[in-house]
Amino acid sequence: MREYKVVVLGSGGVGKSALTVQFVTGSFIEKYDPTIEDFYRKEIEVDSSPSVLEILDTAGTEQFASMRDLYIKNGQGFILVYSLVNQQSFQDIKPMRDQIIRVKRYERVPMILVGNKVDLEGEREVSSGEGKALADEWNCPFIETSAKNKTSVDELFAEIRASNHKILIISAMCLAPSVYC
């Protein structure tokens, strides 16, 4: 069985764990509990073959940032998450992407940019245009979602699949070799 290793990165409190748990279990985590490192496995189908998606949900706090090089080294694809109600979390994503490029020693690394917490539209600090512009600059997919809403998370992964990308399956959706940041 093939295995795909995905690393979820972003600042603390942006909803990395909530998105991951919603995908893996179909439930939303109400309470914020800072993650050090959580590892999830989910059986999926890739190109009509059973596969395993390994998701590493990483710490968003700066005290564990030194562990990121190891996560990045072992990851095959990356989900970069920011909170659209927190401008600083959007700024924090940029050096994380730079770190991925530095550690992987390659400009073209499979990743997707995700703006989370779209359910808090009234508190928005990061416009859709800003997220889209950054994704365009990095030449990677971009989507806004809400971990609270299973349908919204499913739509995130449906959007990935709809683009016919096939290198990594994230919630039964694919990222392809042609999508690199």
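Residues numbered from 1 in each chain as written. Predicted model: local features only at pLDDT ≥ 70, side-chain atom pairs only at ≥ 80, totals over all residues. Heavy atoms only, no water.

Within an unreviewed UniProt entry, the label attached to the chain reads small monomeric GTPase, and the organism entered is Knipowitschia caucasica. Regarding the chain, the UniProt comment filed under Catalytic activity (unreviewed entry) reads as follows: "GTP + H2O = GDP + phosphate + H(+)". (UniProt positions renumbered as here; feature names shortened; annotations may be inferred.)

1. Quick word on the overall build of the chain
Per the secondary structure count, the chain includes 5 helices and 8 strands. Going from the N terminus to the C terminus, the chain shows its helices and strands as β-α-β-β-α-β-α-β-α-β-α-β-β. Evaluated residue by residue, the chain yields a buried proportion of 51% over its 181 residues. Taking the contacts inside the chain whose residues are at least 6 apart along the sequence as the reference set, 68% of them involve residues at least 24 apart. Summed over all atoms, the accessible surface of the chain reaches about 8,800 Å², with 48% contributed by carbon and sulfur. (Helix = DSSP H or I, 4+ residues; strand = E, 2+ residues; numbered from the N terminus. Buried < 20%, exposed > 50% of the residue type's maximum accessible area, 1.4 Å probe, protein only. Contact = heavy atoms within 4.5 Å. Areas by Shrake-Rupley, 256 points an atom, 1.4 Å probe, with all protein chains shown as cover.)

2. Some points on helix H3 (residues 87-104)
An ideal rise of 1.5 Å per residue puts 26 Å on 18 residues; H3 measures up with 27 Å between its terminal C-alpha atoms. Of the positions making up H3, those classed as buried are Ser89, Phe90, Ile93, Met96, Arg97, Gln99, Ile100 and Ile101. Capping of H3 at its N-terminal end is provided by asparagine 86; its side-chain oxygen lies 2.9 Å from the backbone amide nitrogen of glutamine 88. At the C-terminal side of H3, arginine 105 shows a positive phi close to 60°. (Expected span 1.5 Å × (residues − 1). Polar contact = N/O pair within 3.5 Å; in protein donor to acceptor, adjacent residues only side chain to side chain.)

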